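This is what each chain is made of:
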There are 4 protein chains.
Amino acid sequence: MTALISEDLIASLNHAAKVAHDDEFAALGRKLARQGVDVETLVTRAIGWSVAIPTWGVGTGGTRFARFPGRGEPRHIHDKLADCGVIQALTRGARTVSPHIPWDKVSDYNALRQEAAQYGLGFDAINSNSFQDQAGQKLSYKFGSLANAAADTRAQAVAHNLECIEIGKALGSPALTVWIGDGTNFPGQQSLGLMFENYLQAMEAVYAALPDGMQMFIEHKMYEPAFYSTVISDWGSSLMAAQHLGPKAKCLVDLGHHAPNVNIEQIVARLVHVGRLAGFHFNDSKYGDDDLDAGAVDPFRLFLVFNELVEAEHRKAKGFAPSYMIDQSHNVTDPIESLMSSAIEIARAYAQASLVDRAALADAQGANDVLAAHRILKAAYLIDVSPILAEARMRQGGAFDPISAYRTSGYRDRVAKERPEVKGASSGIV
Amino acid sequence: MTALISEDLIASLNHAAKVAHDDEFAALGRKLARQGVDVETLVTRAIGWSVAIPTWGVGTGGTRFARFPGRGEPRHIHDKLADCGVIQALTRGARTVSPHIPWDKVSDYNALRQEAAQYGLGFDAINSNSFQDQAGQKLSYKFGSLANAAADTRAQAVAHNLECIEIGKALGSPALTVWIGDGTNFPGQQSLGLMFENYLQAMEAVYAALPDGMQMFIEHKMYEPAFYSTVISDWGSSLMAAQHLGPKAKCLVDLGHHAPNVNIEQIVARLVHVGRLAGFHFNDSKYGDDDLDAGAVDPFRLFLVFNELVEAEHRKAKGFAPSYMIDQSHNVTDPIESLMSSAIEIARAYAQASLVDRAALADAQGANDVLAAHRILKAAYLIDVSPILAEARMRQGGAFDPISAYRTSGYRDRVAKERPEVKGASSGIV
Amino acid sequence: MTALISEDLIASLNHAAKVAHDDEFAALGRKLARQGVDVETLVTRAIGWSVAIPTWGVGTGGTRFARFPGRGEPRHIHDKLADCGVIQALTRGARTVSPHIPWDKVSDYNALRQEAAQYGLGFDAINSNSFQDQAGQKLSYKFGSLANAAADTRAQAVAHNLECIEIGKALGSPALTVWIGDGTNFPGQQSLGLMFENYLQAMEAVYAALPDGMQMFIEHKMYEPAFYSTVISDWGSSLMAAQHLGPKAKCLVDLGHHAPNVNIEQIVARLVHVGRLAGFHFNDSKYGDDDLDAGAVDPFRLFLVFNELVEAEHRKAKGFAPSYMIDQSHNVTDPIESLMSSAIEIARAYAQASLVDRAALADAQGANDVLAAHRILKAAYLIDVSPILAEARMRQGGAFDPISAYRTSGYRDRVAKERPEVKGASSGIV
Amino acid sequence: MTALISEDLIASLNHAAKVAHDDEFAALGRKLARQGVDVETLVTRAIGWSVAIPTWGVGTGGTRFARFPGRGEPRHIHDKLADCGVIQALTRGARTVSPHIPWDKVSDYNALRQEAAQYGLGFDAINSNSFQDQAGQKLSYKFGSLANAAADTRAQAVAHNLECIEIGKALGSPALTVWIGDGTNFPGQQSLGLMFENYLQAMEAVYAALPDGMQMFIEHKMYEPAFYSTVISDWGSSLMAAQHLGPKAKCLVDLGHHAPNVNIEQIVARLVHVGRLAGFHFNDSKYGDDDLDAGAVDPFRLFLVFNELVEAEHRKAKGFAPSYMIDQSHNVTDPIESLMSSAIEIARAYAQASLVDRAALADAQGANDVLAAHRILKAAYLIDVSPILAEARMRQGGAFDPISAYRTSGYRDRVAKERPEVKGASSGIV
């Protein structure tokens, strides 16, 4: 196949950056060496890192007020795979995609796996959807899906999830991610207890259909689209459901799905402790489930989450094998640019957390030397690991500066010609 | 014209409730009399109360995830006026509608006023819209409207607001309400200072076009659709803009547009003090701008807001003449039912606040007798004023129980036959 | 013993209120009868209701900035029991006290039980304290107690809890409530995972010492006194700890210990579902753990919590037997007045929730008739149940208006003479 | 005078760090040079930077639950000055102290100025206190001070502020900072409007006493110690008060005094726009007014605040001359260590913000190139400016690593011998 982004272009741009990069990479190497750290260890870790791209992420997102489409929007899963291929070609740290059903349904999933493989891509967790009605759908999800008061609507939502499991098997997905918007907008609308029981009963049927080797990721969210109560609103409810269902069920942490001020990194630590951390949906937020680019608003929080992950790895926490996915809404940027930028920021947090001097930190913590412990952690965060990330990208054939390379490549212009512009007014709910 | 709801039906239902109502109204009258309050004073106040219905409120709302349309959705301003007419016929406390441009544009505004008058309706503040792109619109508002970095986009948004002023004049609207979604999703996306200056400059042009007797209502909102910063995000920014523009500019308080935990009633008191309280967009919320039904989640907060308003009236605060509008999104209910229910809850808070013994309260406050002061306020809130509200409705020809009467009337079935169902999948952004 | 409050005084004041009360009670009875409800059922329920008063609650509270003592502050557990006796004498719905160790330690607990019984009081859950250092204490809790990094400090905190269990046995307390302030003020200060493990290990030792029939109530709190992380910060962590420890361990819900906007009533429903609801610390709050008077800021939220409790009773939820305690800080009121007022507001919410038409509610919920379901719930909330509460108090010998009776009795003046004023500046941390 | 910290020790430690520092400083210099930036410009700016230390900050803080004193606590203003002198000697960026009355009252302020000058210290804004009662104080502030319902209490608080102005004149303070805790704990406790009017009237009397050249800094805070309403709770109220009083009155921004999720940097931009930015109280927080160390929890937010300040400087905003102070509570660290660490983190944010390419940023913003604009800002934040800060310190005689040098110096051991340990139990309110 023809490369989506010219390898010559990448090589040429990387060459232009070489002198500066070599100086910075060497300086960082000397600095780390003085701390007893071999920079190559970090490069190796950075090369080993990957995060999944959601297929819905390469399209332009929006709000209830409006959606402002961009140029060259992907029309279907094939366009989406190509866009994800660009991200992987340039960043080399986005080796899987996370599909969304029904939007990514095709007639031949084997062919789809091969199509993805051509871009160097595999499939991560598959996502069901019962928060929207589809054309021709028999029963509406207006009042909920897996937790609807009506048994026939719950059954329809179960059937959809069973179909997703089948598709996931065909695509090689390691897990089914279940997020539902079910909840209420009024006190009294439903019995909070009964709604949870209905949900558990429906989920039992989905869980029973999981093949060996496929996990179920339960994703909680505080609110939206329901605004008074949400059936799986917090990690406590998510954990109760996972415990009810069985060992294949784990709890997914989306960074934007928590109450204001909540200490998310501690939730991560709790789920690690109980052996139920499914993984992450990365993004950033300031107010609610803003779905902003990972690391754009609070990069230190992202680092603190990774600090828990690297500590869990360090402590060899039992059953620790989280999945890493991005879940963002790109409303005002080119989604490919935002996803590349985010993938880099996530890798940055991982690299920084890998630099924490864990032995010294444990000593300071054991001695209740508060400021020393904090400064040890902060010291790792302050290191500019950009040269390590760039080195890891380039050694794998990626770009020194993926966003510049992408802009230079003219990819967006090219697909804008192939993919017809969406006509008419942008959607949005007044 | 034929009544939207049969007057005979209303009379018949009211008659059926008469015995119970008379007993409760009389009991309440005796209770109030023991406190030195004449219940007739309260009935008179309740009769004098009215809140505006937004034309967009009679359609089913949604979220960025989905919109689940209801039966008999209004197709245009004429259907919307009929639906508002039903609300007024049954509640008798919703005598104006607040139009939204461009959706409510017609060729003959004089005819529209007469059409509204047939339902006993007038027009309240007119609302411009520059948070969405319309078909055929020259420049996109993707990156903002009145505060866009591009001068030509700002000019387009100004022109739209000038058109709204003209329509408002034709409809007899007392004010133009300006809410914009302008803001940023990323730190650095725009200069926070420059964006505000651009906004002020554009608003100067709008302000200059206001005719005598027309006010400008500036509506702030903390976030959404922009998720990092919003140019008019709080009442402080709103007040700065109003002060910059001139005396016709005032600050509108939407109950759902504030940061978590904020004391909204104190903001009302501040705006009363400075003579810049435009009025309200009523709704309720638990998390963000949830746009839930007024009084559905925190009815005591609604009462506390009205306590400020009645106190301002009592103290004869200078320039105090707020406008009252509902602004809600009805996602899972019949909008007409929700609006009637909300109009009643708002009237309830007004009636309860009218029952506060202000002389006793002032004495307790002056003596720093904290618990006594609180209990005097709470005592008014605990009174079930339903009989007063029902009496006021019935004396004006409205229904004892508007929602039961509406359901009995079959109005929704009737319009569902006339108004074609929206075909295909519900909209929504994934 | 001499009555703390003259029974003649109470009778005389109740007599003065009789005509008005009889009219209102009868009117309410007729109203309820029309709904098919016998008011006597409600009076019986109100008589059966009781909430525990914390011994620390009868002293004036404060903030880190200052404490402003009141007149006649209780000096020791004996004064505190007398003050609680006044609350019970007037309200007749506060039949137990919840002691706090070390402050309430005495040499003879049997005598203390008899002393309490003279006031009609028994003992509810006993509370340990390891968030403060006491004079002569060997090791400081500056860096934590049960979750301290140092094993000897954890052991000291365990020993204190074991002592509390012994005292609880002597007093007839049904449970030990464990709340600790342990946490961190800096990212990195401690390992979030290890801190939890240390906590669990220490709690195992406490749990092992529980006698048959004594439960352990684990109380979570989001933050304060630790401001970056708290080891038991949310109900999920609390539940994990309870599950780890065993069936005697349950989760206590303090209404002020949650993240902003959290739906507390749903947490109650979850803990009911999993059979781990210990009970409540009632109070109200607007911002954080404000410890304001129950029902003072958001009375509808209090009602919604009780709606869950009455529903759980109605559904005969397995193992459902929660404890009810007040936990407030009275900084600007007479604590006895605030506690009486709060006890009444809590009983009010219980009575209102008892009035919900559960059959009609279940029907509306089953039919997804959202607005009808909400209105059924709200209808119960709108009923002014004050006459029922007053009737229940008076039938038991309590006061029609406990706060007026208390003020008339001169109790505070009397004890102010017996209890010396605290000299010097108020404490507080700058 | 004898140096508080041996200059030889500092020099010796700096020498030991020289090789590593020189390498890192040179590498950073080359990197910046490639971006067209002369590192010396940054060193010069870092040398020019200074932040004021609050005298109350060098003592150990606490919470309402407990205070755990440290060793060698300062006993009076003279000890406090010495501790501040240590901070300045090692960091060279803390050249003023901010005194607090009545705690820092002395008989001879001229002598105090000379004493401070010996440590290289001057005096910044003076702080009044009316949130606590002092021994011998005639009227209590239990129900408020400048906004108390009682005129004589307000007058007493005015008199205290007038005294502070006199002391400030004697010390050369450029401003009086007024923060009051006045507010309410119950809806209805006071009239929200009247309380504000009482406050304004009292502040008029204080304002009138300001000499030429002395400003008034009004500090708002959302809540605590009052938990329902606070009279100056937000920047809008603060601005209204400042506008009412006159041009010498400005609005102070404490980073921890805002509602959850609020965009503080935009508030800074607004106050710059209106010419009323007094300056800052720096600290960090996760939940409320946590008073944690600046930059400890959200360092990117601190950077974004400084981005506004550097932009204002760049745009030559009219009347822009903010004051910079730290206001933190050091509960679990050595206050001197925390203050040095914080002073460095604040200087770091200033240096990073100084590295933003403002011309490129303005271009990207003008073109609505969202991602490019964000990346330009973020690029500056990612630079590890530690070598610049260290260079600036060392060139002025300060320490390469102030905290290590402090620990090596044995200062705390020395003063712990001179300053008697606080006996008995730690204070705290249960």
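Values in this document were obtained by computation on a predicted structure and should not be read as measured data.

This part takes up the packing of helix α4 (residues 77–91) of chain B against helix α5 (residues 109–118) of chain B. All names here are of chain B. Relative orientation of the contacting elements α4 and α5 amounts to 25°, with a least axis distance of 9 Å. With respect to α5, the element α4 is oriented roughly parallel. α4 and α5 meet at a crossing whose hand is right-handed. Facing α4, whose interface residues are I77, H78 and L81, α5 presents L112, E115 and A116. Per-class residue counts for the contact of α4 with α5 are 4 nonpolar, 1 polar and 1 charged.

Attention now moves to the relation of the copies chain D and chain B. Once turned by 180° and shifted 0.0 Å along the axis, chain D lies on chain B with an RMSD of 0.0 Å. Between the two chains, the operation in question is that of a two-fold axis. Using C-alpha coordinates, one finds that chain D approaches the rotation axis most closely at D:G236, a distance of 2.1 Å. Taken as a fraction of all interface residues of chain D, those also at the interface in chain B reach 100%, which identifies the copy contact as same-surface.

This next bit is on unusual backbone geometry. Note the cis peptide between A:I101 and A:P102, where omega equals 15°. Relative to the helices and strands, A:P102 resides in the loop between β2 (96–98) and α5 (109–118). The step from B:E224 to B:P225 runs through a cis peptide bond, and the omega angle for that step is 15°. Within the element layout of this structure, B:P225 appears in the loop between β7 (215–219) and β8 (229–230). You will see that B:N261, though not glycine, has its phi angle at about 75°, which is positive.

Let us look at the nonpolar core. Membership of the largest hydrophobic core comes to 543 residues, with the highest contact counts inside it found for A:Y199, B:Y199, C:Y199 and D:Y199. For B:Y199, the residues in contact, after removing those within four places along its chain, are B:L146, B:A147, B:I180, B:I218, B:V231, B:I232 and B:A241.

Further remarks concern the packing of aromatic side chains. This model, assessed by the stated rule, comprises 78 aromatic pairs over all chains. Ring centres of A:Y381 and D:Y381 lie 6.5 Å apart, and the angle between their planes is 55°; this geometry places the pair in the tilted category. In this pair, A:Y381 sits in helix α13 (residues 370–382) while D:Y381 sits in helix α13 (residues 370–382), so the two residues belong to two different chains. Accessibility classification places A:Y381 together with D:Y381 in one group, the buried group. When the centroid spacing of 5.7 Å and the interplanar angle of 15° are considered together, the rings of D:F300 and D:F303 count as stacked. Residue D:F300 and its partner D:F303 are located together in helix α10 (residues 299–314), separated by 3 residues, close to a single helical turn. Summarising the burial analysis for this pair, D:F300 and D:F303 share the class buried. Through pairs of rings, three or more aromatic residues link up here, namely A:W49, A:F280, A:F282, A:F306, A:Y324 and A:Y350. The ring of A:Y287 has A:K286 sitting right over it, with the charged end atom 6.0 Å from the ring centre. If you follow B:K378 out to its NZ or CZ, it ends over the ring of B:F300, 5.8 Å from the centre.

Turning our eyes to something else, we now look at the packing of α4(B) against helix α11 (residues 335–354) of chain B. All names here are of chain B. Contact geometry for α4 and α11: axes closest at 10 Å, N-to-C directions at 40°. Accordingly, the angle class assigned to the pair α4 and α11 is oblique. For the crossing formed where α4 meets α11, the hand is right-handed. In contact with D83, V86, I87, L90 and T91 of α4, α11 contributes I336, L339 and M340.

A separate point is the pattern of salt bridges. Counted by the stated rule, this structure contains 132 salt bridges over all chains. With its nearest N and O atoms 2.7 Å apart, the salt bridge here joins B:D334 to B:R412. Of this pair, B:D334 sits in the loop between β11 (323–326) and α11 while B:R412 sits in helix α16 (residues 411–418), and the two are 78 residues apart along the sequence. Accessibility assignment for this pair places B:D334 and B:R412 in one class, buried. The salt bridge partner of D:R75 is D:D79, with a shortest N-O separation of 2.6 Å. What you see here is one network of salt bridges that share partners, running through A:D23, A:E24, D:R30, D:K31 and D:R34.

We now examine the relation of the copies chain D and chain C. Note on the copies: chain D fits chain C at an RMSD of 0.0 Å, the axial shift is 0.0 Å, and the rotation between them is 180°. Interface residue correspondence from chain D to chain C reaches 100%, placing this contact among same-surface, isologous pairings.

So, on to the side chain of D:E308. Mapped onto the secondary structure, D:E308 falls in helix α10. Here D:E308 occupies a buried position and makes no salt bridge, while the nearest side chain of opposite charge, D:R315, is found at 7.2 Å. Beyond its immediate sequence surroundings of up to four residues, D:E308 is in contact with B:L192, D:E265, D:V268 and D:A269.

Between chain D and chain B, the contact holds 54 residues from the first and 54 residues from the second. If you sort the residues of chain D by the area they bury against chain B, D:M240, D:R270 and D:N368 come out on top, with a joint share of 14%. Across the pair D:E197 and B:R315 runs a salt bridge, and its minimum N-O distance is 2.9 Å. Counting every contact that joins chain D to chain B gives 31 residue pairs in polar contact (both at pLDDT 80 or more). Looking at the side of chain D that touches chain B, the elements that each hand over two or more residues are α7 (192–208), β8 (229–230), α8 (235–245), α9 (264–273), α10, α12 (358–366) and α13 of chain D. Across the side of chain D that touches chain B, the residue classes break down as 27 nonpolar, 20 polar and 7 charged.

Rules used in this analysis
- Residues numbered from 1 in each chain as written.
- Chains lettered and ligands numbered in written order.
- Predicted model: local features only at pLDDT ≥ 70, side-chain atom pairs only at ≥ 80, totals over all residues.
- Heavy atoms only, no water.
- Axes fitted to C-alpha atoms, helices over the stretch in contact; angles between N-to-C directions.
- Helix = DSSP H or I, 4+ residues; strand = E, 2+ residues; numbered from the N terminus.
- Parallel < 35°, antiparallel > 145°, perpendicular 65-115°, else oblique.
- Left-handed = near helix turned anticlockwise from the far one by under 90°.
- Contact = heavy atoms within 4.5 Å.
- Nonpolar A, V, L, I, M, F, W, Y, C, P; charged D, E, K, R; others polar.
- Least-squares fit on C-alpha atoms with pLDDT ≥ 70 in both.
- Core = buried A, V, L, I, M, F, W, Y, C linked by side-chain atoms within 4.5 Å.
- Buried < 20%, exposed > 50% of the residue type's maximum accessible area, 1.4 Å probe, protein only.
- Phe/Tyr/Trp six-rings, centres within 6.5 Å; stacked < 30°, edge-to-face > 60°.
- Lys NZ or Arg CZ within 6 Å of the ring centre and 35° of its normal.
- Salt bridge = Lys/Arg side-chain N within 4 Å of Asp/Glu carboxyl O.
- Lys, Arg positive; Asp, Glu negative; His and termini not counted.
- Buried area = accessible area lost by both parts, 1.4 Å probe.
- Polar contact = N/O pair within 3.5 Å; in protein donor to acceptor, adjacent residues only side chain to side chain.

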